[in-house]
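Chain by chain, the residues:
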Amino acid sequence: MTNALNEQHECSSLVMIENEQVRSEGDIYCANNCGLGCTLSEYQQTVNDAEQLQKRLGPDWEVTVWDNLGWTYSATNGVASIYPPSDGPKSRWTCIINVPNLSGISGDGDTPEDAARNAARRVTDSINEMLNSFSKSVGPLIGHQDKIEN
Ligand SMILES: [Zn+2]
């Protein structure tokens, strides 16, 4: 039942495939918890795409393939995750960064790198806004920034 899954897994040195129960009948290759009737070729294309992303991002990123209303994949490295475009016409690569004490901040772009760059910029902007918010309030009371640090 999971022969194709195992074969693909062995071909791939880095891409992780979630260990789930898969229905494999003829052209159908679909996780039991999905049930949409995904095909083996959709699965193979997804693994292919995931392997390309793994090569592109390098070994610091963990790329995972799973099936939830369609085979898909994502890459994770620490607080950052990267998702491929969906089938939607305006869909782009998305990067979500979960910095502690900030809610998840996302950015999108035409490439994984652009998405990461846009997400990182939004994180930096948010941190600067936080710094500005309290320095406007207490800055006049406590003097210059360098005096806070000393
Ligand atoms: Zn499916």
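Here goes a summary of the coordinates provided. Since the structure is predicted, the reported quantities are computational estimates derived from the model, not experimental observations.

Details of the overall build of the protein chain
Helix and strand content of the protein chain: 4 helices and 8 strands. When its helices and strands are written in sequence order, the protein chain yields α-β-β-β-α-β-β-β-β-β-α-α. Of the contacts made within the protein chain by residues no fewer than 6 positions apart, 31% connect residues no fewer than 24 positions apart.

Concerning helix α2 (residues 40-57)
A rise of 1.5 Å per residue sets the reference length of α2, with its 18 residues, at 26 Å; its end C-alpha atoms lie 26 Å apart and thus fit the reference within 8%. Along α2, the residues classified as buried are Tyr 43, Thr 46, Val 47, Ala 50 and Gln 54. Viewed along the axis of α2, the buried residues span an arc of 100 degrees, placing them on a single side of the element. Seen from the buried face of α2, the exposed residues on the opposite side, beyond 90 degrees, are Ser 41, Gln 45, Gln 52 and Lys 55. Directly beyond the C-terminal end of α2, a positive phi value near 95 degrees is found at Gly 58.

Some remarks on helix α3 (residues 112-142)
With 31 residues, α3 extends 43 Å between its outermost C-alpha atoms, agreeing within 8% with the 45 Å of an ideal straight helix rising 1.5 Å per residue. The largest bend in α3 amounts to roughly 50 degrees and is located at Lys 136, with the proline Pro 140 lying one to four residues further along. Across the 31 residues that make up α3, only a small minority, 3, are buried. Among the residues making up α3, those that are buried are Ala 115, Ala 116 and Ala 119. Immediately downstream of α3, the backbone of Gly 143 shows phi near 85 degrees, a positive value.

Regarding the environment of Leu 69
Note on placement: Leu 69 falls in the loop between β4 (62-67) and β5 (71-77). Here Leu 69 falls in the exposed class, since 12 other C-beta atoms lie within 10 Å of it. For the pair Leu 69 and Cys 34, spaced 35 residues apart in sequence, the C-alpha separation works out to 5.3 Å. Not counting residues within four places of it along the chain, the set of residues in contact with Leu 69 comprises Cys 34 and Leu 36.

So, the nonpolar core
Judged by nonpolar contacts, the single largest core of 22 residues is most densely connected at Val 15, Ala 50, Val 65, Ile 82 and Ala 115. Going through the elements one at a time, β3 (28-31), α2, β4, β5, β7 (93-97) and α3 are the ones with two or more residues in this core. Excluding residues that lie within four positions of it along the chain, Ala 115 makes contacts with Ile 82, Arg 92, Trp 93, Thr 94, Cys 95, Gly 107, Asp 108 and Gly 109.

Some remarks on the pairing of β4
Along β4, the buried face is formed by Val 63, Val 65 and Asp 67; none of Glu 62, Thr 64 and Trp 66, which line the opposite face, is buried. With 6 bridges connecting them, β4 and β5 associate as antiparallel partners. Directly across from Val 65, in β5, lies its bridge partner Tyr 73.

Describing the sheet that holds strand β6 (residues 80-83)
The sheet built from 6 strands is open, its strands ordered β1-β4-β5-β6-β7-β8 with mixed pairing. Of all the strands in the sheet, just β1 (16-17) and β8 (105-109) have a single pairing partner and so form its edges. This element, α2, spans β4 and β5 of the sheet and lies at about 20 degrees to β5.

Scoring rules and cut-offs
- Counting of residues starts from 1 at the beginning of each chain's written sequence and follows it residue by residue.
- Since the coordinates come from a predicted model, pLDDT governs what is reported: local features require at least 70, and pairs of side-chain atoms require 80 or more to be given and counted, while whole-chain, interface and lining totals use all residues.
- Elements are defined by DSSP. Helices are runs of H or I of four residues or more, strands are runs of E of two residues or more, and each kind is numbered from the N terminus.
- Here, residue contact means that the backbone-derived C-beta atoms of the two residues sit within 7 Å.
- What a helix should span is 1.5 Å times the count of its residues minus one.
- Counting other C-beta atoms within 10 Å of a residue's own tells you its class, since 20 or more makes it buried, 12 or fewer makes it exposed, and anything in between is partly exposed; those C-beta atoms are placed from the backbone.
- For this quantity, the arc is that covered by the directions from the helix axis to the C-beta atoms.
- What the bend at a residue measures is the angle between two axes, fitted to the seven residues ending there and to the seven starting there.
- What makes a nonpolar core is a set of buried Ala, Val, Leu, Ile, Met, Phe, Trp, Tyr and Cys residues, with links drawn between C-beta atoms within 7 Å.
- Paired strands are those between which DSSP finds at least two bridges.
- Orientation is described by axes fitted as lines to C-alpha atoms, over the contacting stretch for helices, and by angles from 0 to 180 degrees between their N-to-C directions.

That's the geometry; what it means functionally is another story.
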